[in-house]
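# A structural walkthrough
Listed below are the residues making up each chain.
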Amino acid sequence: MNKYILIFLITVVVVGGFLFIKNKNYFKSVPVNTEILGNKDDLVSFSIIPGSKVRGVMSYRGSVKGGYFFEANILVGITDANKNMILQSNAQATSDWMTSDPVNFEGYIDFSIIPKGPAYLEIHNDNASALPENDKKILIPVIVE
């Protein structure tokens, strides 16, 4: 084979491969949101790690500073990426809930009925007064599979 034809073919393959990869965005990865939003300083611990991929029915455990519970109940829900509520549920305190100290809670949530994609797991105080100024919430980002 003529060396000029060989050099031409190699150049075409290299340049073509580079353009193919560049156009297909093979080197781009989707950033995963791991930033907890809202009253994040109230969160002591939570078993679902921010940015985790979630699916099916999952149990969880957590601990928040007091003031989120009413009659040992705390609200836990799922919002879409725009923070619109998709599913609302609740969890139960597993330690003394009538304290300003951290209170442990546990529950489960069904992600199988949620649209796939980015979402937030929302921990919301059970605001018996229904006054907006008494609302507190913690938003933990997740990816629903």
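Quick notes on the rules
- Residues numbered from 1 in each chain as written.
- Predicted model: local features only at pLDDT ≥ 70, side-chain atom pairs only at ≥ 80, totals over all residues.
- Heavy atoms only, no water.
- Helix = DSSP H or I, 4+ residues; strand = E, 2+ residues; numbered from the N terminus.
- Polar contact = N/O pair within 3.5 Å; in protein donor to acceptor, adjacent residues only side chain to side chain.
- Contact = heavy atoms within 4.5 Å.
- Buried < 20%, exposed > 50% of the residue type's maximum accessible area, 1.4 Å probe, protein only.
- Pairing = 2+ DSSP bridges.

Inspection of the secondary structure assignment puts Asn 125 in the loop between β8 (117–124) and β9 (137–144). At a separation of 2.8 Å, a polar atom in the side chain of Asn 125 contacts the main-chain carbonyl oxygen of Asn 134. Of note is the side chain of Asn 125, whose polar atom sits 2.7 Å from the backbone nitrogen of Lys 136. Dropping the residues within four chain positions of it, Asn 125 is found in contact with Gly 67, Tyr 68, Leu 75, Asn 134, Asp 135 and Lys 136.

Once that is clear, we can look at the pairing of strand β5 (residues 73–80). Where burial is concerned, most of β5 is hidden: 6 out of the 8 residues are buried. Pairing of β5 with strand β6 (residues 85–93), which is carried by 7 bridges, proceeds in the antiparallel orientation. Bridge pairing in β6 places Val 76 opposite Ser 89. What sits between β5 and β6 in their antiparallel hairpin is a turn of 4 residues, with Lys 83 showing a positive phi close to 70°. Alignment of β5 against β8, held across 6 bridges, turns out to be antiparallel. Looking at β8, one finds that Thr 79 is bridged to Tyr 120.

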